[in-house]
Amino acid sequence: MNQLHTASNLVWQSPQTTPEHRRDLLKQYPVTLWMTGLSGAGKSTLAFALEKRLISQGHACFVLDGDNVRHGLNRDLDFSPHARTENIRRVAEVAKLMNSAGLIVISSFISPYREDRGAARDIIGNEAFLEIHISTALQDCERRDPKGLYQKARAGLISDFTGISAPYEPPLTPALSIDTSSSTVDSCIERMLKLVEPFLIRDNESRCGGS
Ligand code: ADP
């Protein structure tokens, strides 16, 4: 892979709109809910259910989902540690762009390395980055095996599979930890909604700034 570099003859172009304009337009403060956890833990299920709920409440949001992003932007990346790092870096940059556009981003990536998630936090900005650990235990994920991947990994048909033949480093201080083996999807969504609530501006609330 090419080394990252900052091109020299580039000049940052300043927009004529401000984040406050977008905040007032969309009635929300942009944020990225960064979901991390094992395959089968429930990240995608919860991400899309939360997205549906927020959209139905009139909030602009978008799910960045691991498998979906690997169909396009990150189709050139495998599951080696180096490629996983690049996967997360690119996704964090996209999340940052989407936040800059005023959107609430729900990202659903195994993102197994603490250091990579820390780098994502640095790219997105600490105030806009909420880490959610979908902490469902390996044995429960493996019992579910929604995509049949654990079976393949155990049979040696998939290498570098998180939890089986590749490591997972759980967050030390997540904003929220959800074990989906002991809760319904609805109750998990309620907990995530509580977390995002401070970023939503209701119609009857007065808004400051944003001239
Ligand atoms: P991931 O995106 O983490 O790989 P998925 O969302 O693809 O996981 O798969 C999780 C599986 O667990 C799905 O089959 C889903 O229906 C099931 N499941 C059962 N209970 C829950 C719950 N409370 N939250 C999320 N998923 C759940």
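Bear in mind the structure is a predicted one, so any value in this text is a computation, not a measurement.

Definitions and cut-offs
- Residues numbered from 1 in each chain as written.
- Predicted model: local features only at pLDDT ≥ 70, side-chain atom pairs only at ≥ 80, totals over all residues.
- Heavy atoms only, no water.
- Helix = DSSP H or I, 4+ residues; strand = E, 2+ residues; numbered from the N terminus.
- Rg over C-alpha atoms; globule rule 2.2 N^0.38 Å.
- Buried < 20%, exposed > 50% of the residue type's maximum accessible area, 1.4 Å probe, protein only.
- Contact = heavy atoms within 4.5 Å.
- Areas by Shrake-Rupley, 256 points an atom, 1.4 Å probe, with all protein chains shown as cover.
- Pairing = 2+ DSSP bridges.
- Axes fitted to C-alpha atoms, helices over the stretch in contact; angles between N-to-C directions.
- Core = buried A, V, L, I, M, F, W, Y, C linked by side-chain atoms within 4.5 Å.
- UniProt positions renumbered as here; feature names shortened; annotations may be inferred.
- Near = heavy atom within 4 Å.
- Polar contact = N/O pair within 3.5 Å; in protein donor to acceptor, adjacent residues only side chain to side chain.
- Salt bridge = Lys/Arg side-chain N within 4 Å of Asp/Glu carboxyl O.

Enquirer: Is there a simple way to explain the overall build of the protein chain in this structure?
Expert: From N to C terminus, the protein chain includes eight helices and five strands. Traced from its N-terminal end to its C-terminal end, the protein chain shows the element sequence α-β-α-β-α-α-β-α-β-α-α-β-α. The globule rule puts the C-alpha radius of gyration for 211 residues at 17 Å, and the 18 Å found for the protein chain is close to it. Principal-axis analysis of the C-alpha atoms places the extent of the protein chain at approximately 60 × 50 × 30 Å. Per-residue burial for the protein chain yields a buried fraction of 41% across its 211 residues. Here the analysis covers contacts within the protein chain between residues at least 6 apart in sequence; of these, 77% occur between residues at least 24 apart. Summed over all atoms, the accessible surface of the protein chain reaches about 11900 Å², with 54% contributed by carbon and sulfur.

Enquirer: What am I meant to see in the sheet that holds strand 4 (residues 129–134) here?
Expert: To summarise the sheet geometry, strands pair through backbone hydrogen bonds and adopt either a parallel or an antiparallel arrangement. Strands sit in the order 2-3-1-4-5 across an open sheet of five strands; the sheet is parallel. Edge positions in the sheet fall to strand 2 (61–65) and strand 5 (176–178), since each has one partner strand and no second. Averaged over all neighbouring strand pairs, the angle between strand axes comes to 20 degrees, with direction disregarded. Across the sheet, helix 2 (residues 43–56) lies against strand 1 (32–36), strand 2, strand 3 (104–108), strand 4 and strand 5, angled at about 170 degrees from strand 2, the strand it touches most. Of the strands in this sheet, strand 1, strand 3, strand 4 and strand 5 touch helix 8 (residues 185–196), which is tilted by about 175 degrees from strand 5.

Enquirer: Sorry, what's going on with the nonpolar core here?
Expert: With 31 residues, the main nonpolar core has Leu54, Ile106 and Ile132 as its most contacted residues. Contributions of two or more residues to this core are made by strand 1, helix 2, strand 2, strand 3, strand 4, helix 7 (149–154), strand 5 and helix 8. Of all the elements, helix 8 adds the most residues to this core, at six residues. Every residue in contact with Ile106, bar those within four places of it in the chain, is listed here: Leu33, Met35, Ala47, Leu50, Glu51, Leu54, Cys61, Phe62, Val63 and Leu64. Counting residues in hydrophobic clusters, the runner-up holds 15 residues, among them Ile88, Val91, Ala95 and Ala128.

Enquirer: Hey, could you run me through the UniProt feature "active site" (unreviewed entry) in the protein chain in this one?
Expert: In the numbering used here, UniProt assigns the "active site" (unreviewed entry) feature to Ser111. Tracing the sequence through the fold places Ser111 in the loop between strand 3 and helix 5 (114–124). On the basis of relative accessible area, Ser111 is assigned to the buried category, the value being 2%.

Enquirer: Looking at this structure, I do not really get the environment of Cys141. What am I missing?
Expert: Mapping Cys141 onto the fold places it in helix 6 (residues 138–144). Distance from Cys141 to Asn126, taken between C-alpha atoms, is 30 Å for residues 15 residues apart in sequence. If we skip the residues at most four places from it in the chain, Cys141 touches Leu38, Ser39, Gly40, Ala41, Thr136, Pro146 and Tyr150.

Enquirer: Quick question: what am I supposed to make of the site of the ligand here?
Expert: Taken together, the neighbourhood of the ligand is formed by 17 residues, with Gly40, Lys43, Ser44, Thr45 and Ser183 sitting nearest. One of the backbone N or O atoms of Leu38 is found 3.4 Å from an oxygen atom in the ligand. A distance of 2.8 Å separates an oxygen atom of the ligand from a polar atom in the backbone of Ser44. Surface burial for the ligand is 77%, taken as the share of its 570 Å² of free accessible area covered by protein chains. Those elements giving two or more residues to the shell around the ligand turn out to be helix 2 and helix 8. Among the elements that line the shell around the ligand, the one with the most residues is helix 2, at four residues.

Enquirer: What should I look at first to understand the pattern of salt bridges in this one?
Expert: Once their charged atoms are close, side chains differing in charge can pair, the charge on each being opposite to the other. Evaluation of the coordinates by the stated rule reveals 11 salt bridges. Asp140 is the partner of Arg143 in a salt bridge, and the nearest nitrogen-oxygen pair spans 2.4 Å. Residue Arg143 and its partner Asp140 are both found in helix 6; the two are separated by three residues, about one turn of the helix. Take Arg143: its relative accessible area is 62%, and that puts it in the exposed class. Asp140 sits in the buried class, given a relative accessible area of 13%. If you follow the salt bridges from partner to partner, you end up with Asp76, Glu86, Arg89 and Arg90 in one network.

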